[in-house]
Amino acid sequence: MIDQNKILNCVLHFDVEGPVVDIFKIETGHINGTYAITCKKEDGSTIRYILQSINTKVFTRPVELMENIQNVTDYLRGIILENGGDVNRETLTVIRAKTGLNYYVDEENRYWRMYNYIEDATSYQTVERPILFENAAKAFGHFQKQLAGYPADTLHETIAQFHDTVKRFRDFEEAVAKDAVGRAASVQPEIEFFLSHKDICDTITSRIATGEIPLRVTHNDTKLNNIMIDNETDEGICIIDLDTVMPGSALYDFGDSIRFGASSAAEDEKDLSKVNFRIDLFEAYTRGYLQEAKDTLNETEKDLLAMSAIILTLECGMRFLGDYLNGDIYFGIHRPEHNLDRARTQIKLVADMESQLDAMNAVVAKYR
Ligand code: ADP
Ligand code: GN1
Ligand code: MG
C-alpha cells in the first residue's frame, strides 16, 4: 500500500479541481493500483477522479500504453459527440498532468495516470440480475462496433500474444517444470487438468493464422467489473480498463465475458459447490451480444462462440495456476492461496461448460 502522503503529492501533479478531501483504495482489479480521489471544488461541491499507478511489470511500455488510451478515448469521444451522447459518462477521459503529458512519473519511477470518475454507475463483481449481463453484452458489442473503424495499425501491442492460448499453455508447462517455489506437488490434479486440454488450445489461434477468424480492435479484458453499469437504467454505459485494447479476436471478448459472468459465484470462490456454469446467463449474454454484433461477425466466429468461452476460461485458469506456481508474481492477491482458488473456479467452469457444450451451441443457434 502506497502511503497517503505520496498519493496526495501525486494528485498535485494533475490538473484537478480543488484540494483532495478523500482517498479510497479500490481493491477489485488484479493489475493496477487504483484510488478514488475526491476533491472539493470552489463552490463547495465535490468531484471524483480515478488515480492509477500503472503496473509497469505487466505494461513495460507505459508511454505507448497511454498513447493508445489517449487516442482511443479521443476517438470514442468524437463518436459519442456525433451521436449526441454524454462524453463525461460514456467514455473514460484522461486527465492530463500539469506538464501536459497524460501521465506523471514520481521519484520512485512509478507511472501514474488519472481519469474522470464515472458517477452513478456500478462495477459489479458478479451478475446480480441477468439483465445486467445482457446489458453488459450489448455494451461490449457496441464498443466493438464503435472501434470497428479505428486504425488498428496505429495501436501499440501492450502485451504481446496476450490471448495466444498456445503460448499460454507453453508458459504454463514452463511454470510446472520450473516449480519455482515448490508448490507443484501439492496441486497435481489441477496441473493434470490443464495439461490434458492441450489439444484445444489452438482453436482460435490456428483460425486467425488461416484468416478464417479476422483480427478486429478488441478490448481483450471484458470481465463484468470492467464496465460501469448505470444505477438507474441498468445499461452498460462506459467500458473501462482500456490497457489491453489492441487487435484481437471478437471471440476473446465474448469468451472472457462468459468466463467471468456466467458463473454462479465469484471468480475466487473457495467453496466449489457454489461454482456452476449458468446456461441462463450464457443465454442472456449471447442474446445481448448477437443483437449488437450478429451483422459484423462471420460464420466461423459464430460457430465458435460457445467454444470460445471454454478456451478463454481454460486460458485464464492456466494463467492463475501458472502464477501460483511462479510464486504469485503477476496477479494481485489478497490471501496466500488466492491464485489457486481462482484457478480452481476456472477448472470447475471449464468442466461444466464441456458437459453443456451442445446446449450452449443450441443457444447460439437460436440468436445468430
Ligand atoms: P485493473 O487493471 O487493475 O483491473 P481497472 O482499470 O479495471 O484496473 O480499475 C479497477 C477498478 O476500479 C474497476 O474494476 C472499477 O471498479 C474501478 N474503476 C476504474 N476506473 C473507474 C472509473 N473511471 N470510474 C469509476 N470506477 C472506476
Ligand atoms: C486481469 O486487470 P483486470 O483485473 O481487469 C487480467 C486479465 C484476466 C483477469 C482475470 C492485463 O484483469 O487478463 O483475465 O485479471 N489483465 C491483465 O480476472 O493481465
Ligand atoms: Mg479491471
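Definitions and cut-offs
- Residues numbered from 1 in each chain as written.
- Chains lettered and ligands numbered in written order.
- Predicted model: local features only at pLDDT ≥ 70, side-chain atom pairs only at ≥ 80, totals over all residues.
- Heavy atoms only, no water.
- Pairing = 2+ DSSP bridges.
- Helix = DSSP H or I, 4+ residues; strand = E, 2+ residues; numbered from the N terminus.
- Contact = heavy atoms within 4.5 Å.
- Axes fitted to C-alpha atoms, helices over the stretch in contact; angles between N-to-C directions.
- Core = buried A, V, L, I, M, F, W, Y, C linked by side-chain atoms within 4.5 Å.
- Buried < 20%, exposed > 50% of the residue type's maximum accessible area, 1.4 Å probe, protein only.
- Domains from an automatic or database assignment.
- 1 Å grid on protein atoms, 1.4 Å probe; cavity = no way out; pocket = protein on both sides within 12 Å on 5 of 7 lines; lining within 4 Å.
- Points joined across faces, edges and corners; volume = space filled by probe spheres on them.
- Donors = N, O, S within 2.8 Å, 3.2 Å for Na, K, Ca; no water.
- Salt bridge = Lys/Arg side-chain N within 4 Å of Asp/Glu carboxyl O.
- Polar contact = N/O pair within 3.5 Å; in protein donor to acceptor, adjacent residues only side chain to side chain.

Q: How should I be thinking about the sheet that holds strand 7 (residues 121–122) in this particular structure?
A: In a beta sheet, neighbouring strands pair by backbone hydrogen bonds and run either parallel or antiparallel. Strand order in the open sheet formed by three strands is 7-9-10, and the pairing between neighbours is antiparallel. Strands at the two margins of the open sheet, each flanked by one partner only, are strand 7 and strand 10 (236–239). Sheet topology note: the strand 7/strand 9 (residues 227–230) ladder contains two bridges and is antiparallel. Of the residues in strand 9, the one forming a bridge with alanine 121 is aspartate 230. Against the sheet, helix 3 (residues 130–146) engages strand 9 and strand 10, with an angle of about 50° to strand 10.

Q: Explain the nonpolar core here, please?
A: Side chains of a nonpolar character, in soluble globular proteins, are inclined to be buried together. One finds Leu224, Ile258, Phe282, Tyr289 and Leu321 to be the most contacted residues of the largest nonpolar core, which totals 102 residues. Element by element, the count of residues in this core is highest for helix 10 (residues 305–326), at 14 residues. Counting contributing residues per domain, this core is built from domain 1 (4–119) and domain 2 (130–367), each supplying no fewer than three. Filtering out sequence-adjacent residues up to four positions away, isoleucine 258 remains in contact with Phe133, Phe277, Phe282, Tyr285, Ala309 and Met353.

Q: In this structure, what is going on with the pairing of strand 2 (residues 33–40)? I would like to understand it.
A: In the case of a regular strand, side chains alternate between the two sheet surfaces. Within strand 2, seven of the eight residues are buried, leaving the element largely enclosed by the surrounding structure. Both strand 1 (residues 20–26) and strand 2 contribute to a ladder of six bridges, which runs antiparallel. Each bridged residue has a counterpart across the sheet, and for aspartate 22 the counterpart in strand 2 is threonine 38. Two successive antiparallel strands, strand 1 and strand 2, enclose a turn made up of six residues. As paired strands, strand 2 and strand 3 (residues 46–53) are joined by eight bridges and run antiparallel to one another. Within the sheet, the bridge partner assigned to glycine 33 lies in strand 3 and is serine 53. What sits between strand 2 and strand 3 in their antiparallel hairpin is a turn of five residues, with glycine 44 showing a positive phi close to 95°.

Q: Can you help me understand the layout of surface pockets in this one?
A: To find leftover empty space, a probe the size of one water molecule is rolled over the atoms. Size it by volume and the largest pocket reaches roughly 800 Å³. Lining the largest pocket are 43 residues, with Gly29, Asn225, Asn226, Ile240 and Asp241 positioned closest to its centre. Listing elements by their share of the lining of the largest pocket, those giving two or more residues are strand 3, strand 6 (111–116), helix 7 (250–261) and helix 10. Of the residues forming the lining of the largest pocket, the biggest block, five residues, is contributed by helix 10.

Q: Hey, could you run me through the coordination of the magnesium ion (ligand 3) in this one?
A: The protein atoms that coordinate the magnesium ion (ligand 3) are Asn226 (OD1) and Asp241 (OD), at distances of 2.2 Å. Here asparagine 226, found in the loop between strand 8 (216–218) and strand 9, pairs with aspartate 241, found in the loop between strand 10 and strand 11 (246–248); they are 15 residues apart in sequence, far enough to count as distant. Using a relative accessible area of 5% as the deciding quantity, one classes asparagine 226 as buried. Exposure remark for aspartate 241: the relative accessible area of 25% places this residue in the partly exposed category.

Q: Mind showing me how you'd approach the domain arrangement of the chain here?
A: The accessible area lost on association of the parts is a frequent measure of interface size. Along its sequence, the chain is carved into domain 1 (4–119) and domain 2 (130–367). For domain 1 and domain 2, the distance between their C-alpha centroids amounts to 26 Å. Domain 1 puts 27 residues into the contact, and the matching count from domain 2 is 31 residues. Our count for the contact surface shared by domain 1 and domain 2 stands at two salt bridges. The residue arginine 89 makes a salt bridge to aspartate 230 at a minimum N-O spacing of 2.9 Å. The interface formed by domain 1 and domain 2 contains nine residue pairs in polar contact (both at pLDDT 80 or more).

Q: Before we go on, may I ask you to explain the environment of valine 58 in this structure?
A: By secondary structure assignment, the location of valine 58 is in the loop between strand 3 and helix 2 (62–82). Note on valine 58: relative accessible area 10%, which makes it buried. Note: C-alpha distance between valine 58 and asparagine 32 (26 residues apart in sequence) is 9.1 Å. With residues near it in sequence (within four places) discarded, valine 58 still touches Ile31, Ile159 and Tyr330.

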